[in-house]
Amino acid sequence: MFDTSKKQETAVLVGLINKNQDEEKIAEYLDELDFLADTAGAKILKRFTQRLEHPDSRTFVGSGKLNDIRNFVKENLVDIVIFDDELSPAQQRNLEKEIKTDKDQKVKVLDRTTLILDIFAARARTAHAKTQVELAQYQYLLPRLAKMWSHHDRIKGGIGMKGAGEKEIETDRRIVRDRIALLKERLVTIDKQMETQRKSRGELIRVALVGYTNVGKSTIMNMLSKSDVFAENKLFATLDTTVRKVVIENLPFLLSDTVGFIRKLPTTLVESFKSTLDEVREADILIHVVDISHTGFEDQINVVNQTLADIGASDKETILVFNKIDAFTFEQKEEDDLTPITKRNLSLEQLKKSWMSKLNSPCIFISATNKQNVDEFKQTLYNNIKELHQKRYPYNKFLY
Ligand SMILES: Nc1nc2c(ncn2[C@@H]2O[C@H](COP(=O)(O)OP(=O)(O)OP(=O)(O)O)[C@@H](O)[C@H]2O)c(=O)[nH]1
Ligand SMILES: [Mg+2]
């Protein structure tokens with residue numbers, strides 16, 4: 001989507017402040033949108049926010065704000081305007097028209113979903129991931145074409161003739177539907193192969209790393225398995241599932257690393273990544289990795305738990321691993337500071353205490369890059385796997 005052959009493309013971000021997302025939240029959400037845009041290769045010049053309970057049905061933001069955006073885009077020759085929420089086809093069309101000040105100006109209007117889909121498309125390596133992403137993209141497109149169609153229909157108002165534009169849309173819809181059917185067929189074949197592979201892995205306990213994107217899942221995978229899975233400070237570095245046989249002391253098990261989750265993950269993506277997520281669904285134990293250095297880590301935990309529930313994997317034995325303790329910072333309050341304590345004022349020790357008392361499953365605090373507390377983490381993992389192994393194979397004691 002972003003043209004990398006030319007100079008780096010520039011973009012502005014747009015988000016709404018309302019009762020679901022206050023000023024602090026929207027700042028954090030736009031940080032994330034900025035990170036997504038950066039991952040896709042764009043440079044953010046400015047953020048626009050507007051206090052609005054519901055998005056404007058025509059242009060997402062009100063006319064005053066739209067004017068500000070238009071002026072900024074014109075003055076700074078901005079290439080892309082990115083909205084933090086999904087745009088309806090009508091909003092997208094209106095915005096494309098209204099942000100331009102003259103007809104030769106090229107400004108792209110994107111929403112969060114398209115941005116995530118584009119990043120997935122650029123990052124997909126294997127045929128499996130590519131097929132899943134392409135399916136998600138077409139599924140996102142289809143209702144949009146359909147909506148355009150019904151919109152034309154209404155304007156036509158009962159006159160029996162079809163205009164050229166409508167025919168085109170009808171053809172487009174047929175092409176998209178055919179493509180979706182073909183991609184689904186392909187996925188069925190790939191899924192079968194993967195299912196056979198999973199079955200042939202035998203009786204080893206299966207552990208899956210799950211978590212928000214960029215929390216350090218692949219880094220932990222590499223640390224535990226001494227393998228070399230691609231890890232970097234970009235969102236969605238991992239799209240394909242990697243499975244490794246890992247041995248702690250003398251206990252072997254299977255460890256899988258998979259795609260990270262994110263707030264407002266497009267539903268079409270979750271749908272088409274079903275088979276990738278089977279690895280999570282079929283796991284015996286989940287390692288839920290959290291980036292404790294991120295100010296919104298609690299929200300991220302909730303997003304992950306919700307996504308796990310959505311894919312039917314919420315009631316699994318889970319080890320909560322707070323990673324990146326080396327990068328953790330907090331605002332220590334002075335003794336005479338009587339303003340109420342917020343989450344930002346809690347030290348690592350206080351957080352540890354509160355999480356440990358809150359959970360009845362294990363939780364560990366580590367730094368994967370600095371190798372802090374890694375032995376304790378491995379021991380916890382070992383104990384959990386061993387216990388499950390003994391339960392499942394009571395007569396098979398040779399492994400430990
Ligand atoms: N400071 C610090 N950085 C870490 C730690 N663990 C991982 N990172 C960094 O965090 C970034 C993301 O790590 P990854 O392992 O790629 O994260 P991931 O969860 O696999 O990310 P996705 O595959 O994109 O979902 C990388 O730049 C890592 O070097 C840690 O303990 N401390
Ligand atoms: Mg990864």
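These numbers were taken from a predicted model, which means no experiment stands behind them.

Caption draft 1: Seen up close, the domain arrangement of the protein chain. The domain architecture assigned to the protein chain consists of domain 1 (10-120), domain 2 (124-196) and domain 3 (203-392). Of the residues lining the interface, 11 residues belong to domain 1; the matching set on domain 2 comes to 9 residues. When domain 1 packs against domain 2, close to 800 Å² is buried across both sides, 58% of that on carbon and sulfur atoms. Looking at the side of domain 1 facing domain 2, the largest losses of area belong to Pro89, Leu117 and Phe120, adding up to 60% of the total buried there. Counting across the domain 1 and domain 2 interface gives 0 salt bridges. At the junction of domain 1 with domain 2, the criterion picks out 2 residue pairs in polar contact (both at pLDDT 80 or more). Counting residues per element, the ones that place at least two in the side of domain 1 that touches domain 2 are helix 3 (89-99) and helix 4 (112-123). With 5 residues, helix 4 is the single largest residue contributor to the side of domain 1 that touches domain 2. Here the side of domain 1 that touches domain 2 is composed, by residue class, of 4 nonpolar, 3 polar and 4 charged.

Caption draft 2: The arrangement of the packing of aromatic side chains in detail. Scanning the entire structure with this criterion turns up 6 aromatic pairs. Aromatic pair Phe60 and Phe83: ring centres 5.3 Å apart, planes at 80 degrees, arrangement edge-to-face. With Phe60 in the loop between strand 2 (43-51) and helix 2 (63-76) and Phe83 in strand 3 (residues 80-83), this pair connects stretches of sequence that are 23 residues apart. Consider the rings of Phe297 and Phe322, whose centres lie 6.1 Å apart with planes at 90 degrees: the pair is edge-to-face. Note that Phe297 is positioned in helix 10 (residues 297-310) and Phe322 in strand 9 (residues 317-323), a separation of 25 residues in sequence. By relative accessible area, which is 7% here, Phe297 ends up buried. Residue Phe322 is classed as buried on the basis of its relative accessible area, which comes to 0%. One aromatic cluster is present, built from ring pairs that chain together Phe297, Phe322, Trp355 and Phe365.

Caption draft 3: Summary view of the environment of Glu75. Its place among the elements puts Glu75 in helix 2. Judged by relative accessible area, which is 66%, Glu75 ranks as exposed.

Caption draft 4: Fine view of the site of ligand 1. Taken together, 23 residues lie around ligand 1, and Lys217, Thr219, Ala237, Thr238 and Asp326 are the ones closest in. A distance of 3.0 Å is found between an oxygen atom of ligand 1 and a backbone nitrogen or oxygen belonging to Asn214. Take Lys324: an N or O atom from its side chain is 3.0 Å from an oxygen atom of ligand 1. Here ligand 1 loses 87% of its free accessible area of 660 Å² to cover by the protein chains. Considering each element in turn, the shell around ligand 1 owes the most residues, 3 residues, to helix 7 (residues 217-225). Classifying every residue of the shell around ligand 1 by side-chain character gives 7 nonpolar, 11 polar and 5 charged.

Caption draft 5: Representation of helix 7. Counting buried residues in helix 7 gives 8 out of 9 residues, a clear majority hidden from the surface. Of the residues making up helix 7, those classed as buried are Lys217, Ser218, Ile220, Met221, Asn222, Met223, Leu224 and Ser225. Against the buried residues of helix 7 lie strand 5 (206-211), strand 6 (242-248), strand 7 (251-257), strand 8 (285-291), strand 9 and helix 12 (374-392). Just past helix 7, the residue Lys226 takes up positive phi, approximately 55 degrees.

Caption draft 6: Here's a closer look at the sheet that holds strand 1 (residues 10-17). Strand order in the open sheet made by the 4 strands is 2-1-3-4, with parallel pairing throughout. Each of the sheet's edge strands pairs with one partner strand only, and the pair in question is strand 2 and strand 4 (108-111). Between one strand and the next, the sheet's axes are offset by a mean angle of 20 degrees, whatever the strand orientation. When strand 3 meets strand 4, the two strands line up parallel, connected through 4 bridges. Along strand 4, the bridge assignment pairs Phe83 with Asp111. Relative to the sheet, helix 3 contacts strand 3 and strand 4, its axis offset from that of strand 4 by approximately 145 degrees.

Caption draft 7: Main features of the packing of helix 7 against helix 12. Axis separation between helix 7 and helix 12 bottoms out at 12 Å; the angle between their running directions is 80 degrees. Considering the angle they form, helix 7 stands roughly perpendicular to helix 12. Contacts from Ile220, Met223 and Leu224 of helix 7 reach helix 12 at Val374, Phe377, Lys378 and Leu381. Its residues assigned to classes, the contact of helix 7 with helix 12 comprises 6 nonpolar, no polar and 1 charged.

Caption draft 8: Geometry of helix 2. The terminal C-alpha atoms of helix 2, which comprises 14 residues, lie 20 Å apart, in line with the 20 Å expected from a rise of 1.5 Å per residue. In this structure, the buried residues of helix 2 make contact with strand 1, strand 2, strand 3 and helix 3. Positive backbone phi, at 50 degrees, marks Leu77, one or two positions downstream of helix 2.

Caption draft 9: Up close: the layout of surface pockets. Each pocket or cavity is described by its volume, and for the largest pocket that value is around 510 Å³. Along the walls of the largest pocket sit 21 residues, with Glu24, Thr295, Gly296, Lys343 and Arg344 positioned nearest its centre. Broken down by secondary-structure element, the contributors of at least two residues to the lining of the largest pocket are helix 1 (23-40) and helix 10. Inspection of the lining of the largest pocket shows a minimum of three residues originating in each of domain 1 (10-120) and domain 3 (203-392).

Caption draft 10: Here's a closer look at the sheet that holds strand 7. Spatially, the 6 strands line up as an open sheet ordered 6-7-5-8-9-10, and their pairing is mixed. Of all strands in the sheet, those bounded by a partner on one side alone are strand 6 and strand 10 (363-365). Between one strand and the next, the sheet's axes are offset by a mean angle of 25 degrees, whatever the strand orientation. Where strand 6 lies against strand 7, 7 bridges are found, and the strand directions are antiparallel. Looking across to strand 7, one finds that Ile248 is bridged to Leu251. The strands touched by helix 10 within the sheet are strand 5, strand 8 and strand 9, with strand 8 carrying the most contacts at an inclination of about 150 degrees.

Parameters at a glance
- Residues numbered from 1 in each chain as written.
- Chains lettered and ligands numbered in written order.
- Predicted model: local features only at pLDDT ≥ 70, side-chain atom pairs only at ≥ 80, totals over all residues.
- Heavy atoms only, no water.
- Domains from an automatic or database assignment.
- Contact = heavy atoms within 4.5 Å.
- Buried area = accessible area lost by both parts, 1.4 Å probe.
- Salt bridge = Lys/Arg side-chain N within 4 Å of Asp/Glu carboxyl O.
- Polar contact = N/O pair within 3.5 Å; in protein donor to acceptor, adjacent residues only side chain to side chain.
- Helix = DSSP H or I, 4+ residues; strand = E, 2+ residues; numbered from the N terminus.
- Nonpolar A, V, L, I, M, F, W, Y, C, P; charged D, E, K, R; others polar.
- Phe/Tyr/Trp six-rings, centres within 6.5 Å; stacked < 30°, edge-to-face > 60°.
- Buried < 20%, exposed > 50% of the residue type's maximum accessible area, 1.4 Å probe, protein only.
- Near = heavy atom within 4 Å.
- Areas by Shrake-Rupley, 256 points an atom, 1.4 Å probe, with all protein chains shown as cover.
- Pairing = 2+ DSSP bridges.
- Axes fitted to C-alpha atoms, helices over the stretch in contact; angles between N-to-C directions.
- Parallel < 35°, antiparallel > 145°, perpendicular 65-115°, else oblique.
- Expected span 1.5 Å × (residues − 1).
- 1 Å grid on protein atoms, 1.4 Å probe; cavity = no way out; pocket = protein on both sides within 12 Å on 5 of 7 lines; lining within 4 Å.
- Points joined across faces, edges and corners; volume = space filled by probe spheres on them.

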